[in-house]
Number of protein chains: 2
Amino acid sequence: MHWIIRLGKSEQRSYTSLNPKEIIVKQQLDYLDLLKSVSLFSDLKKAELLPVAQAAIEKCFHAGEFLIRQDEPAEYLFVVGSGNIKLTQLSSGGDQFLLCYVTSGEMFGSIAILQNAAYPVSAEALTYCQVLLLPGSVIRHLMSEIPQLAMGVIRHLAGRVQSLQRQLQELSAERVEQRVARALTRLASQVGLRTEQGILINVALSRQDLAEMTGTTLYTVSRILSGWEKRALIDAGRERVVIKKPHGIVAIAEDLPAPRSK
Amino acid sequence: MHWIIRLGKSEQRSYTSLNPKEIIVKQQLDYLDLLKSVSLFSDLKKAELLPVAQAAIEKCFHAGEFLIRQDEPAEYLFVVGSGNIKLTQLSSGGDQFLLCYVTSGEMFGSIAILQNAAYPVSAEALTYCQVLLLPGSVIRHLMSEIPQLAMGVIRHLAGRVQSLQRQLQELSAERVEQRVARALTRLASQVGLRTEQGILINVALSRQDLAEMTGTTLYTVSRILSGWEKRALIDAGRERVVIKKPHGIVAIAEDLPAPRSK
DNA sequence: AGCGATCTTTGCGCTATAGCAAACATGGTG
DNA sequence: CACCATGTTTGCTATAGCGCAAAGATCGCT
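Within each chain, residues carry numbers counting from 1 in the order of the written sequence. Working convention: letters from A go to chains and numbers from 1 go to ligands, in the order in which they are written. Totals for whole chains, interfaces and linings use all residues, but because this is a predicted model, local features are given only for residues with pLDDT of at least 70 and pairs of side-chain atoms are given and counted only at 80 or more. Calculated side-chain values reflect all of the structure's heavy atoms, with hydrogen atoms and water omitted.

Caption draft 1: Geometry of the protein's contact with DNA strand C. We call a residue near a molecule or strand whenever a single non-hydrogen atom of that residue lies within 4 Å of it. A:Ser222, B:Thr216, B:Thr220, B:Arg223 and B:Arg238 are the nearest of the 17 residues found near DNA strand C. Atoms of DNA strand C within 4 Å of the protein belong to the sugar or the phosphate in 62% of instances, the rest to bases. In the environment of DNA strand C, a phosphate oxygen lies 3.3 Å from a nitrogen or oxygen atom belonging to the side chain of B:Thr217. Between B:Arg238 and DNA strand C, the recorded distance is 2.6 Å, taken from a side-chain N or O atom to a base oxygen. Counting residues per element, the ones that place at least two in the surface near DNA strand C are α7 (218-230) of chain A together with α7 (218-230) of chain B. Whenever two N or O atoms come within 3.5 Å, that pair is a polar contact, provided that in protein one can donate a hydrogen and the other can accept it, and provided that, for residues adjacent in sequence, both atoms are side-chain atoms. Segments assigned H or I by DSSP are reported as helices when at least four residues long, segments assigned E as strands when at least two residues long, and all are numbered from the N terminus.

Structure representation (structure tokens):
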């Protein structure tokens, strides 16, 4: 990440040795690179992104801090520059559901584009995070000038709808083991890190987290992972999973007949 | 519904006794009324809706016919003028999930706004249906001229995302009885018909349908409905449910302690 | 290095729900 | 009006997954 680290308060700009104008320009260029990498803005020219970058607020969060809390008024879209974040939803009954992880180059809080909306989820920083806050009102107004932007938002939301529908279907039709396998493959493709032992899921991932993702209990997840570890499919530790035989896990996720573990 | 019934083929227009121009104008006015009633277009002025109405294709379907099939290229948005439709999703494993019912004044197939997308669901007519087909390309191009339209689409999708997230949470955390109760209350508010005996769910609703909505089996649904019938909460018949004590069902859906059935 | 907090494992019993099979009900149709 | 297709009920059995409790592992901190 070639993005300049800067700690929250914008006043700090004036404390640097460079002259203010130069800093602002540099910052905007950096913002532009980050924004451009987000699929929401990929159709836009850099020039069109300038007003977005200008309205963006840079902010950092420490592990454990909440970026947004469920039911609070939704003012900002969040673009993640670095770090890992998890989105969770709390039900009235007090059960928590882990919707997804968000990591660099991704975005969340698109609900802020709508007026008077509230966040339907909470976002918790799992590591130190650098994010850009984009005021929903700015995006909203910009959309009328830049139709591509509106299309980007629509594409983003449509993708989310489809992935949620698929998840719903899976949750209703598949057994727990299959769902956990699916969650792992999803995580692998999103935050997986190729190592010698296999694919390391590169976020702190407790049994409880996996349970909240798949609608089960930490006990059941623990038993499943233990089983897989005995079959040498994975290597599991405290808040850590390494997939040693990806094809084996995929086989379970897709419910293929023979794992063919020769 | 004050919408003129006309059978599919546009050639029929010339067979009427009125002069063609008058008919076309009349038709567009009717289309405009229908479109205006759809939340997607509610922010638009009637004049702005004219191009949409002009591009709309009227079509009718008989009970049992499929309006769209999963994985087919998505060309049209559908606006329902009359009739009931169910949206289902088929998994690779062959399990069907019933996503939702769609009825007059509602809309589906918004994925068609995106280029080269495929429908993620199938839509089956449960009754005789009159629908308007709006070419996705037309909406797509109109969005750049009418920002309100883009906002409407975004609002629609955002609502869908939230409702799906809620459903996901419910499916993962709640027991079957609760989920069935929830499905019934949802249906009651959408297609419920107030009668003397209670709220009649005004669509053909088999045990199998309820099972596919809630991620369970028709056996379990049957047992649950039988139980509720014994407690005089509902009145169930072949593909028919009447909610006699709405508060009782809501109490189950919300998992309230005392049903208070005095 | 040792301690406490947190996470993980696993034995055990239990319940909710799946799923078959067979009888039963219902409504449309000729 | 009787038949048939289709939907529904219910007894029975099987089992996946829940959830407690207690022991064990791991990590960060001082």
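The rest of the description comes next.
Caption draft 2: Molecular detail of the pattern of salt bridges. The term salt bridge refers to a side-chain nitrogen of Lys or Arg lying within 4 Å of a carboxyl oxygen of Asp or Glu. For the structure on display, the rule yields 16 salt bridges over all chains. A salt bridge links A:Glu174 to A:Arg182; the nearest nitrogen and oxygen atoms lie 2.7 Å apart. Residue class for A:Glu174 comes out buried when judged on its relative accessible area of 14%. A salt bridge links B:Arg182 to B:Glu170; the nearest nitrogen and oxygen atoms lie 3.6 Å apart. One end of the pair, B:Arg182, is in helix α5 (residues 176-191); the other, B:Glu170, is in helix α4 (residues 147-173), and twelve residues separate them in sequence. Working definition: with a 1.4 Å probe on protein chains only, accessible area under 20% of the residue-type maximum means buried, over 50% means exposed, and in between means partly exposed. Take B:Arg182: its relative accessible area is 12%, and that puts it in the buried class. Take B:Glu170: its relative accessible area is 9%, and that puts it in the buried class. Among the charged side chains, a network of salt bridges with common partners joins A:Glu170, A:Glu174, A:Arg182, A:Arg186 and A:Glu254.

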